[in-house]
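For reference, the chains in residue letters:
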Amino acid sequence: MDSAFPFGFPVATAFYLVLYILTFVLHHAFMHYVLAGSLCLTWFTLSQRQETVAWAEQPLLATLREWIPFLLSAAITAGVAPLLFIQIVYQHQFYTANLLLWWRWMIVVPVLIVGFYLTYLVKSHRLWTWPYLVRVAVLLVTSACFVFVGFCWTANHLIANRGSTWPEVYTTGQLPFTYTEVIVRMLVWLAGSFPTMCVILGWQLFYRERVSRDGAQNELGQDAWGTRALSRMAIGGLVVSVLAGATYILVIETSAKGLVFGNVGRPYLMMGALGVGLQIGGWISMFRQNRLSLLLLGFVSAGSLATLVCISVLREAVRLSAVDLLSLADLHAKAAKVGGFGVFLLAAVVVSLLIVWCIQLVRTGTTTSNA
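Here the structure is a predicted model, which is why all the values come from computation and not from measurement.

### Observations concerning the overall build of the chain
Now for step 1: For the chain, the count of helices and strands is 16 helices and 0 strands.
Now for step 2: Over its C-alpha atoms the chain spans a radius of gyration of 21 Å, differing by no more than 12% from the 21 Å that the globule rule assigns to 371 residues.
Now for step 3: Summarising its shape, the C-alpha atoms of the chain cover approximately 60 × 45 × 45 Å along the three principal directions.
Now for step 4: Counting all 371 residues of the chain, 50% fall into the buried class.
Now for step 5: Taking the intrachain contacts of the chain between residues at least 6 apart in sequence as the baseline, contacts between residues at least 24 apart amount to 82%.
Now for step 6: Across the chain, the mean location of the 22 positive side-chain charges is 4 Å away from that of the 14 negative side-chain charges.

Below, the structure is given as structure tokens:
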């Protein structure tokens, strides 16, 4: 491939690749909030031993507790579209990876269900009146559920890219990659989830501050709305994610490096660098001002979107180095001729409207409860 992604592919293949990337980015924005939010709550709980509900009602923590269940529902709903598109684009690789993962893939849904219901326990006031060790245990299990699901998707991606190892994996049951490789790759997503969460949470706290009766100051003192805490988490997550990404690129195959640094991925690398710069600059400015700014939140949001698109495309560039996608072009063209795209668009509009309506309901409910 000599053209930037997704140019250079037949129309049908490029069409499905674009839809896959766009829906994948939307799904990950929601999932990043859930993953980073649960890890954030776990960390704060481990570092604090307050036995009262009041501590968990601080704006930053309370907002996470209130919204994680809804954002998890949104992430699952938004995950349907990329799941469908990946089956069209990489059907043979995707299905084979599912089968080879066996029990790990089979328990993804049960684990996700456990995590889903635990988020409602985390949201409840009752949990925060229970003993410290119980609260920590609940939060650790909740976070572990989402990390495990992330691991399974990472393993699926890596197995799908290594067709030559499939017979050995089937025979021995051993996964064809090292733990170091998995850890470095997962760090890209785990650390990268914090900046995304901070952007969404920043908008929520910005709105919450505007509707608050007593303005900027409350029991949190000078950092009343968690601006500095958000800035630290966002910048720290960006630094770790970039370092992990650079480390991962060093260990991938030469053919994959050629696509990442070549015409396919170079424009997106530049986009990602710009996105990271916008986010770091915006969060540093808000940290110094110690307040959430409408303009700066807009900058970090644009940077976050650019970064998510960059990472998603580079992820596919690595996959394209291992999968001959042009050989599947006829299947993509055949799929494009099958009716139903109008139904998909209609469903996308209806679901989007329902999500907006649900957000309004949750926002109204949390505003009323905080009044």
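Once the structure has been displayed, the description carries forward.
### Remarks on the confidence of the model for the chain
Now for step 1: Scored by pLDDT, the chain comes out at a mean of 86, with 90% of its residues at no less than 70.
Now for step 2: Confidence scores differ between elements of the chain, with helix α2 (residues 53-56) showing the lowest mean pLDDT of 58 and helix α13 (residues 266-289) the highest of 95.
Now for step 3: A low-confidence stretch, residues 214-222 (pLDDT under 50), is modelled with 14 contacts involving residues beyond four sequence positions or located in other chains.

### Quick notes on the pattern of salt bridges
Now for step 1: Per the stated rule, a full pass over the model turns up 4 salt bridges.
Now for step 2: Salt-bridge contacts for Arg319 lead to Glu316; the nearest nitrogen and oxygen are separated by 3.0 Å. With Arg319 and Glu316 both in helix α14 (residues 294-320) and 3 residues apart, this pair spans about one turn of that helix.
Now for step 3: In this structure Arg319 comes out as buried when scored by relative accessible area, which is 3%.
Now for step 4: One connected set of salt bridges, linked through shared partners, spans Arg315, Glu316 and Arg319.

### Observations regarding unusual backbone geometry
Now for step 1: Cis peptide bonds are those with omega within 30 degrees of zero, and the linkage from Phe5 to Pro6 qualifies with 0°.
Now for step 2: As for its position among the elements, Pro6 is in the segment before α1 (11-47).
Now for step 3: One non-glycine residue with positive phi stands out, namely Trp102, at about 50°.
Now for step 4: Topologically, Trp102 is positioned in the loop between α5 (91-101) and α6 (103-106).
Now for step 5: You can call Trp102 exposed: its relative accessible area is 57%.
Now for step 6: One non-glycine residue, Asn290, lies in positive phi territory at about 55°.
Now for step 7: Note on placement: Asn290 falls in the loop between α13 and α14.

### A closer look at the side chain of Thr13
Now for step 1: Structurally, the position occupied by Thr13 is in helix α1.
Now for step 2: Its relative accessible area of 1% is what places Thr13 among the buried residues.
Now for step 3: With near-sequence residues (within four places) excluded, Thr13 lies in contact with Leu325, Ala329 and His332.

### What to know about the packing of helix α12 (residues 254-261) against α14
Now for step 1: Their axes nearest at 8 Å, the elements α12 and α14 cross at an angle of 140°. Taken together, α12 and α14 sit at an angle that is classed as oblique. Crossing of α12 against α14: the hand is right-handed. Residues Ala256, Leu259 and Val260 of α12 touch α14, and the partners they reach there are Leu314, Ala317, Val318 and Leu320.
Now for step 2: Across the contact of α12 with α14, the residue classes break down as 7 nonpolar, no polar and no charged.

### Quick notes on helix α7 (residues 108-123)
Residues spaced three or four apart along an α-helix face the same direction, because each turn holds 3.6 residues.
Now for step 1: End to end, α7 covers 23 Å across 16 residues, agreeing with the expected 22 Å (1.5 Å per residue, within 8%).
Now for step 2: Taken as a whole, α7 has its buried residues at Val108, Val111, Leu112, Gly115, Phe116, Leu118, Thr119 and Val122.
Now for step 3: Contacts made by the buried residues of α7 are with α1, α3 (59-78), α6 and α8 (132-160).

### What about the state of the cysteines?
Now for step 1: As enumerated under the stated definition, the model contains 0 disulfides in all.
Now for step 2: With no disulfide of its own, Cys310 lies closest to Cys198 among cysteine sulfurs, the gap being 19 Å.
Now for step 3: A relative accessible area of 5% places Cys310 in the buried class.

### Observations regarding the environment of Phe341
Now for step 1: If you trace the backbone, Phe341 turns up in helix α16 (residues 341-370).
Now for step 2: Phe341 sits 96 residues away from Gly245 along the chain, and the two C-alpha atoms are 36 Å apart.
Now for step 3: Setting aside its immediate chain neighbours within four residues, Phe341 contacts Phe15 and Leu19.

### Here we look at the packing of α3 against α7
Now for step 1: Between α3 and α7, the shortest axis-to-axis distance is 7 Å and the interhelical angle comes to 155°. As summarised for this structure, α3 and α7 are arranged roughly antiparallel, according to the angle between their axes. Seen from above, α3 lies across α7 with left-handed handedness. Here Arg65, Glu66, Ile68, Pro69, Leu72, Ser73 and Ile76 of α3 come into contact with α7, specifically with Leu112, Gly115, Phe116, Thr119, Tyr120, Val122 and Lys123.
Now for step 2: Each residue belonging to the contact of α3 with α7 can be placed in one class, and the counts come to 8 nonpolar, 3 polar and 3 charged.

### Some thoughts on the environment of Leu205
Now for step 1: Relative to the helices and strands, Leu205 is located in helix α10 (residues 179-211).
Now for step 2: It is 28 Å that separates the C-alpha atoms of Leu205 and Val134, two residues lying 71 residues apart in sequence.

### Topic: the nonpolar core
Most often, soluble globular proteins have nonpolar side chains that are buried together.
Now for step 1: Counting residues in each nonpolar core, the largest one holds 103 residues, and the members touching the most others are Leu60, Leu64, Leu230 and Trp283.
Now for step 2: In terms of residues, this core owes the most to one element, α1, which gives 17 residues.
Now for step 3: Not counting chain neighbours up to four residues away, the residues in contact with Leu64 comprise Tyr33, Gly37, Cys40, Leu41, Met197 and Leu201.

Calculation rules
- In this convention, every chain numbers its residues from 1, walking through the sequence in written order.
- Per-residue local features of the predicted model are confined to residues with pLDDT of at least 70, and side-chain atom pairs are confined, for both listing and counting, to 80 or more; whole-chain, interface and lining totals are unaffected and use all residues.
- As a rule here, side-chain values cover all heavy atoms of the structure and leave hydrogens and water aside.
- Each helix is a run of DSSP H or I of at least 4 residues and each strand a run of E of at least 2, with the numbering of both proceeding from the N terminus.
- For the radius of gyration, the atom set is restricted to C-alpha positions; the globular benchmark scales as 2.2 Å times the number of residues to the power 0.38.
- Think of it in three bands: with a 1.4 Å probe and only protein chains considered, a residue is buried below 20% of the maximum accessible area for its type, exposed above 50%, and partly exposed in between.
- Note on definitions: a residue-residue contact is assigned when non-hydrogen atoms from the two residues lie within 4.5 Å.
- In this charge count, Lys and Arg are treated as positive and Asp and Glu as negative; neither His nor the chain ends contribute.
- Lysine's charge is taken at NZ, arginine's at CZ, aspartate's at CG and glutamate's at CD.
- The predictor rates its confidence in each residue with pLDDT, a number between 0 and 100.
- Salt bridges are identified by distance alone: a Lys or Arg side-chain nitrogen within 4 Å of an Asp or Glu carboxyl oxygen.
- For helices, the axis comes from a line fit to the C-alpha atoms of the stretch in contact; other axes are also lines fit to C-alpha atoms, and the angle between any two N-to-C directions lies between 0 and 180 degrees.
- Each angle is binned into one of four classes, with values under 35 degrees roughly parallel, values over 145 roughly antiparallel, values of 65 to 115 roughly perpendicular, and all other values oblique.
- Crossing handedness is defined as follows: a turn of the near helix away from the far one that is anticlockwise and smaller than a right angle gives a left-handed crossing, while the clockwise case is right-handed.
- Residue polarity follows a fixed list, in which Ala, Val, Leu, Ile, Met, Phe, Trp, Tyr, Cys and Pro are nonpolar, Asp, Glu, Lys and Arg are charged, and the others, Gly among them, are polar.
- Here the expected length of a helix is defined as 1.5 Å per residue gap, with one fewer gap than residues.
- Put simply, a disulfide is two cysteine sulfurs that come within 2.5 Å.
- Think of a nonpolar core as a cluster: buried Ala, Val, Leu, Ile, Met, Phe, Trp, Tyr and Cys residues, connected wherever their side-chain atoms sit within 4.5 Å.

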